[in-house]
Amino acid sequence: MKLFSRFHSIQGSLLLHELSFVLLILITASVAIGWAFAWQKSSEESLRLTAMNSHTQNIRGELYRQLKEVFDATFLSDRYAQDEYALYLRRINRHLADLQALSLSSDEAVAVNRIALAYNEFHRQTRQLLIPRDLSAEQKQLLDHKLEQYTFNELETAFSQFDKLLKSQQRDLVASREKWLSQMIFLVPLPVVLAISLLLFSRRFVRQNLVKPLAAVMQGARKISKGDLKHQIPSFGLDDLVRLAKAINSMADELATSRDKLIEAKKQAALGELVPLVAHNIRNPLAGIRAAAQVTLDDKPPTDIAGALTDIIVAVDRLERWVTSLLSYLHPLKPHFSEQSSLCDVADNAISLMQLQLAERRIQLHKQGWDSSASRIKLDTNLMEQTVFNLLQNALEASPAGSRLTLCYQESGSVVTLSIQDEGQGMRFDPVAEQVTDGEAKRLSCGLGIPFALKVVKQHDGELRYDAEPGRGTMVFLSLPKVAVVDKLEH
């Protein structure tokens, strides 16, 4: 496994392909060399058998010439016959020596030795006929008869057996050649088949481990360059491409983090310029309204008017606290968890400031979960009231006249949740993730309501989540942990 992992890189895969081609060359060379060696051995064996057959035929020819000289010396008294006989003797011995040298198997050696023994007997008998002495006709006839009946018969038998042996070996050689030729039908295409297999394997390997991963990296890089920083490039293929994909994904995550920080900084900068101006423009009218209400209240008006003036003063004071909290939002200050209240109380206080708007637009307000006990939790009441007010204000603006606005309070374990649902057209983008849902270009919203709500909820270790579908309204969920449960408030 470790050996294979070494080839799972671009450099390693190139080395693997080079080794594969070297192996293909070695296999091709081995087949060629094996065939050449087998053909050479077959050719050498054929030449050896041909040479042995040639020496055998030469021995037979020289033997008959030698026999002629014996008869010339015996019956014709040829004085040169002995010299000719000796010449043929030397030639025959040379051929016998060559036959013995060419013999490789024990059968060949036995056959050659039998020819040599038969010839030695022939030579011993014929040499007696060459000795110059007077022989009777009966003796000459006896020698001639013995030479013909026994010695020549033994020689011919030896030659015949040797000839059969050579023919048998030649048949074996021809069969061996045919066998090699039949095997070559399968051996010759072997390098071609290996080359095609290597080509297909290389093509598939390169496609699966190099081309596709590289295309995925390029496509992912293009998406990331267009702003889709959440796109994750799949990590597969060669180790180098896997590391490259992981590096680009890590870079995209870092860019997304930097972008979020930049967006947050832009929002903070926009709020830093806008909030003081808004606070100043709100505080001056509020101060005048409170002063007028206080002066009128000091004159002791009728009871119903005094109650209305008191409500005005309470609402103005609450708005003043909201403005103060809004200004503190621009600074890295922690919430003041000084008051203990329930999320239902916070929502009721925010709703009390919207009664006139609800009546003007004939919006029906339905509250669910208020009839059960709501846990008191530790929170910054002013910041949370303004947060709920902003969420209600957004829902009110999105709701058509005569529709319904539903508030639902729930508790689950250590979390309390307040949901607000309208019957508007539905938001076309997620304001929390800053991600559009209808294919429009991404927008950077620098409004106060949602950014303020997000920051306050985060400071309370809570969560703000939107669920919207075009044409079916929007539902926002505000979830807070039960940091410190004091007691239960009955509604």
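This text follows the structure it describes.
Residues numbered from 1 in each chain as written. Predicted model: local features only at pLDDT ≥ 70, side-chain atom pairs only at ≥ 80, totals over all residues. Heavy atoms only, no water.

To continue, consider the pattern of salt bridges. Under the criterion given, the structure shown has twelve salt bridges. Put simply, Arg 48 and Glu 108 hold a salt bridge, and the shortest N to O gap is 2.9 Å. In this pair, Arg 48 is assigned in helix α2 (residues 10-75) and Glu 108 in helix α4 (residues 106-130), connecting sequence segments 60 residues apart. Asp 240 is the partner of Arg 243 in a salt bridge, and the nearest nitrogen-oxygen pair spans 2.3 Å. With Arg 243 and Asp 240 both in helix α7 (residues 239-298), this residue pair falls three residues apart, about one helical turn. Since its relative accessible area comes to 26%, Asp 240 is described here as partly exposed. Each of Glu 45, Arg 48 and Glu 108 takes part in salt bridges that share partners, so that together they form one network. (Salt bridge = Lys/Arg side-chain N within 4 Å of Asp/Glu carboxyl O. Helix = DSSP H or I, 4+ residues; strand = E, 2+ residues; numbered from the N terminus. Buried < 20%, exposed > 50% of the residue type's maximum accessible area, 1.4 Å probe, protein only.)

Turning to helix α11 (residues 381-398), a few remarks are in order. Helix length check: α11, at 18 residues, gives a terminal C-alpha distance of 26 Å against a target of 26 Å (1.5 Å per residue), a fit within 8%. Extensive coverage of α11 is indicated by the burial of 15 of its 18 residues. Where α11 begins, the capping side chain belongs to Asp 380, and its oxygen is found 3.3 Å from the backbone nitrogen of Asn 382. (Expected span 1.5 Å × (residues − 1). Polar contact = N/O pair within 3.5 Å; in protein donor to acceptor, adjacent residues only side chain to side chain.)

To continue, consider helix α6 (residues 189-225). For α6, built from 37 residues, the straight-helix expectation of 54 Å at 1.5 Å per residue is met to within 8% by its first-to-last C-alpha distance of 51 Å. The principal kink in α6, of about 40 degrees, is found at Arg 207. Those residues of α6 that sit buried are Pro 191, Leu 198, Ser 202, Phe 205, Asn 209, Pro 213, Ala 216, Val 217, Gly 220 and Ile 224. Following α6 by one or two positions, Gly 227 has its phi on the positive side, about 110 degrees. (Bend = angle between axes of the 7 residues up to and from the residue.)

Along the chain, the position of Thr 474 falls in strand β9 (residues 474-481). Here Thr 474 is in contact with Ile 420, Gln 421, Asp 422, Gly 426, Met 427, Tyr 466, Asp 467 and Ala 468, once residues within four sequence places are set aside. (Contact = heavy atoms within 4.5 Å.)

All right, on to the sheet that holds strand β2 (residues 364-368) then. With respect to topology, five strands assemble into an open sheet ordered β2-β4-β5-β9-β8, the strand pairing being mixed. Two strands in the sheet have a free side with no partner beyond their single neighbour: β2 and β8 (463-468). Going across the sheet, the axis of each strand differs from the next one's by a mean of 15 degrees, ignoring polarity. Bridge count between strand β5 (residues 415-421) and β9: seven bridges; the pairing is antiparallel. Residue pairing across strands places Gln 421 opposite Met 475, the latter belonging to β9. (Pairing = 2+ DSSP bridges. Axes fitted to C-alpha atoms, helices over the stretch in contact; angles between N-to-C directions.)

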